[in-house]
2 protein chains.
Amino acid sequence: MKKHNFYAGPSILSEYTIKHTADAVNNFAETGLSLLEVSHRSKEFVAVMDEAQALVKELLDVPEGYQVLYLGGGASLQFCMAPMNLLRTKAGYLDTGTWAANAIKEARLFGDVEVLASSKESNYNFYPRGYEVPSDLDYFHITTNNTIYGTELREDPDVPVRLVADMSSDIFSRPVDVAKYDLIYAGAQKNLGPAGATLVIVKEDVLGKVDRAIPTMLDYRTHIKKGSMFNTPPVLPVYSSLMTLRYYKEMGGVKAMEKIDLEKAGVLYDAIDNSKMFVGTAAEDSRSIMNVTFVMTPEYKELEKDFVDFCAARGIVGIKGHRSVGGFRASLYNALPLESVKALVDAMAEFEKQH
Amino acid sequence: MKKHNFYAGPSILSEYTIKHTADAVNNFAETGLSLLEVSHRSKEFVAVMDEAQALVKELLDVPEGYQVLYLGGGASLQFCMAPMNLLRTKAGYLDTGTWAANAIKEARLFGDVEVLASSKESNYNFYPRGYEVPSDLDYFHITTNNTIYGTELREDPDVPVRLVADMSSDIFSRPVDVAKYDLIYAGAQKNLGPAGATLVIVKEDVLGKVDRAIPTMLDYRTHIKKGSMFNTPPVLPVYSSLMTLRYYKEMGGVKAMEKIDLEKAGVLYDAIDNSKMFVGTAAEDSRSIMNVTFVMTPEYKELEKDFVDFCAARGIVGIKGHRSVGGFRASLYNALPLESVKALVDAMAEFEKQH
């Protein structure tokens, strides 16, 4: 049975990415060696790393003065690396969910943190707006998409200070005005590749301004100087990421992905809004097009587990909601076909009819 | 043409590891999903992580009180994590090569470092012995195998303080008395799996004794508490590592690997010692069985590049020595078949005859 993969991350990747990765595990770039056992210093892998950096610059239209890095350790490591490299006295953060709160916790180890707005009181069900960003901050940090709570900021804020964004779960789902940011980071395992690599886009001239001693591996300048090859990079995750980037380019770039993403999210939100059984959890003006969170209305609540099983029987996996929200979460990352969204919407209609 | 893969890391993996990884990229554990796109919280991957930890305990006979972790970021990240978690005032290090020196550099950010012995003056061509380990150190750090310089310590030292070891390039090549160590770490990409995961074996009761605030991701206790699932682990590198561990178990465990490794190294060192053209660079009592470094004698020196090409034409790859030593380095990791060593030895004999 064909599976419909709604996992929140690691999550669905394009067939192109999977096929080419499987091929390279058997024989990488005609070397006669597996991608798993080839030196990162081989000319074939150096070409992969170079292209993986260049394609990010091309697809996101990254201006001069920025560097693209592939690091290990996950986006969670960026929660401490960002302040370690940028925080002198005070930073501002938006508290928009679990990951944002984790980022805030780490930043507090390195300086003062002002939480400029928070939606915590209402279980993070909206993306705050109308806050002021003081001009004396070293930087302002946002989490553009909140995977668990299904909220998203689909615009690039204008702020009077440096802007840092965790775009782990919505990067490549829309064109981004990179020039407005000083640091962007994203775990690969949603719209880019398998788990194990973290994409970093950093404006070079914001670095080197803090007084603290930064461990070599946690200093962005280390990795810039060596083109992400200071130490052995996560070879396979970088290769798979390159395959996804090539696929995006072939599909027409990030703008084309956005069009499809908007369509897919539209289909699912319409189904939710037209249902008497299902109800969305995120405020309408904050709805994510990557992660759609919804629950059953109180009178049907006890059927939630049944619906997960009902879906599983139809090959629909990964829709159980995170325990912080309950209900369901359907992640509609770039690689998810519209066909899968339709399968889910059909299942919802069918289940509603049966009850 | 069949390739003979002598890369220093990432390096050759068993056919078993490669085949099963390729299969899982197509269909992981009968889920109908690729290993690249499956949630790390799925029961199928949780089982992988559990077994990957259990098999390390079994193969290395890890005593009670120790935890096995799979982390991202590479062994280079451990150079700062180890002192961050263990260094209160003073640590002792052996300076036995480039990686040891890098570890020393990071430790100095967190306290005093006493270098108890160094072979730097002679371009790290021997493994120091006969040094004293003062009893007032927080820990003593060794690099058991020096990949670049071809030296190795094939015993577990008795010291009056905590013992920390970087075993990146020789773990699983011999039985280790884990009880003598408090922290062992190893980048996966030599004897375990593809790049992107780092194996850590840590004695739990040595943690939590330092006063500094440790960033969450850099605190071993974070990962112990969550069984290496605090954040998304490097899924595929962990899976491939498990395949290698299963393969080791099937082959008879670490003792069986050691027997084969000793035989392979013996064949190559004999060829070097019986040659008039090639000469080993490491002192005899310090020779590594994982990385064999050798050069041409002065009268043949200019033929070194020719020999690399001569080997390449025979499918022998990865033997160019690191620039710090020059000449050649043949890495004989566990997965390298004896047949490949014989191919190299034959090439050496043939080349010598021709010149």
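Calculation rules
- Residues numbered from 1 in each chain as written.
- Chains lettered and ligands numbered in written order.
- Predicted model: local features only at pLDDT ≥ 70, side-chain atom pairs only at ≥ 80, totals over all residues.
- Heavy atoms only, no water.
- UniProt positions renumbered as here; feature names shortened; annotations may be inferred.
- Axes fitted to C-alpha atoms, helices over the stretch in contact; angles between N-to-C directions.
- Helix = DSSP H or I, 4+ residues; strand = E, 2+ residues; numbered from the N terminus.
- Parallel < 35°, antiparallel > 145°, perpendicular 65-115°, else oblique.
- Contact = heavy atoms within 4.5 Å.
- Nonpolar A, V, L, I, M, F, W, Y, C, P; charged D, E, K, R; others polar.
- Salt bridge = Lys/Arg side-chain N within 4 Å of Asp/Glu carboxyl O.
- Buried < 20%, exposed > 50% of the residue type's maximum accessible area, 1.4 Å probe, protein only.
- Pairing = 2+ DSSP bridges.
- Left-handed = near helix turned anticlockwise from the far one by under 90°.
- Polar contact = N/O pair within 3.5 Å; in protein donor to acceptor, adjacent residues only side chain to side chain.

Under an unreviewed UniProt entry, the name given to chain A is Phosphoserine aminotransferase, and the organism recorded is Duncaniella freteri. The heading Subunit (unreviewed entry) in the UniProt record of chain A holds the text "Homodimer."

For the rest of this paragraph, the subject is the packing of helix H7 (residues 253-273) of chain B against helix H9 (residues 338-354) of chain B. All names here are of chain B. Running from N to C, H7 and H9 point in directions that differ by 5°, and their axes come no closer than 9 Å. Taken together, the axis directions place H7 and H9 in an arrangement best described as roughly parallel. Packed against H7, whose contacting residues are Glu263, Lys264, Val267, Leu268, Ala271 and Ile272, the element H9 presents Leu338, Val341, Leu344, Val345 and Met348 at the interface. When its residues are assigned to classes, the contact of H7 with H9 shows nine nonpolar, no polar and two charged.

A few words on the pattern of salt bridges. Residues and elements named next belong to chain A. Under the counting rule described, the total for this entry stands at 34 salt bridges over all chains. Across the salt bridge formed by Lys19 and Asp23, the nearest N and O atoms sit 2.6 Å from each other. Pair noted here: Lys19 and Asp23 are both in helix H1 (residues 15-26), with a separation of four residues, about one helical turn. Here Arg129 makes a salt bridge to Glu155, at a shortest N to O gap of 4.0 Å. Residue Arg129 is located in the loop between strand S4 (112-118) and strand S5 (139-143), and its partner Glu155 is located in the loop between strand S7 (151-152) and strand S8 (162-166); the two are separated by 26 residues in the primary sequence. Taking the relative accessible area as the measure of exposure, Glu155 reaches 43% and is therefore partly exposed.

Attention now moves to the UniProt feature "modified residue: N6-(pyridoxal phosphate)lysine" (unreviewed entry) in chain A. Residues and elements named next belong to chain A. In this numbering, the UniProt entry assigns the feature "modified residue: N6-(pyridoxal phosphate)lysine" (unreviewed entry) to Lys190. Position of Lys190 relative to the elements: it lies in the loop between strand S9 (183-187) and strand S10 (198-203). With residues near it in sequence (within four places) discarded, Lys190 still touches Ala8, Gly9, Ser11, Ile12, Leu13, Thr147, Ser168, Ser169 and Tyr333.

A few words on unusual backbone geometry. All names here are of chain A. With omega at -5°, the peptide bond leading from Gly9 into Pro10 counts as cis. You can see Pro10 is positioned in the loop between strand S1 (4-5) and H1. Phi at Asn123 takes a positive value of approximately 50°, unusual for a residue other than glycine. As for its position among the elements, Asn123 is in the loop between S4 and S5. What makes Asn123 partly exposed here is its relative accessible area of 37%.

Pairing between sheet strands relies on hydrogen bonds along the backbone, with the strands arranged either parallel or antiparallel. Residues and elements named next belong to chain A. Strands sit in the order S11-S12-S14 across an open sheet of three strands; the sheet is antiparallel. At either margin of the open sheet sits one strand with a lone partner, and together these are strand S11 (278-280) and strand S14 (328-331). Across the sheet, the mean angle separating the axes of adjacent strands is 35° when strand polarity is ignored.

This brings us to the packing of helix H3 (residues 75-86) of chain B against helix H4 (residues 98-107) of chain B. Residue and element names in this part refer to chain B. Remark: H3 packs on H4, axes separated minimally by 8 Å, with the N-to-C direction vectors making an angle of 40°. Judged by the inter-axis angle, H3 sits oblique to H4. For the crossing formed where H3 meets H4, the hand is right-handed. Only Trp99, Asn102, Ala103, Glu106 and Ala107 of H4 make contact with H3, whose side of the interface consists of Ser76, Phe79, Cys80 and Pro83. Of the residues assigned to the contact of H3 with H4, the class counts are six nonpolar, two polar and one charged.

Turning our attention to the environment of Thr244(A). All names here are of chain A. Inspection of the secondary structure assignment puts Thr244 in helix H6 (residues 235-251). As for Thr244 and Ala335, which are separated by 91 residues in sequence, their C-alpha atoms are 9.0 Å apart. With near-sequence residues (within four places) excluded, Thr244 lies in contact with Leu13, Thr17, Asn191 and Leu192. Among the polar contacts listed, one links the side chain of Thr244 to the side chain of Thr17, at a separation of 2.8 Å.

A separate point is the sheet that holds S5(A). Residues and elements named next belong to chain A. One open sheet holds the seven strands; their spatial order is S2-S10-S9-S8-S5-S3-S4, and the pairing between them is mixed. Unpaired on one side and paired on the other, strand S2 (66-71) and S4 mark the two borders of the sheet. Ignoring which end each strand starts from, the neighbouring axes of this sheet average 15° apart. Examined bridge by bridge, S5 and S8 share five bridges and lie parallel to one another. Each bridged residue has a counterpart across the sheet, and for Thr143 the counterpart in S8 is Asp166. Relative to the sheet, helix H3 (residues 75-86) contacts S2, strand S3 (90-95), S5, S8, S9 and S10, its axis offset from that of S9 by approximately 165°.

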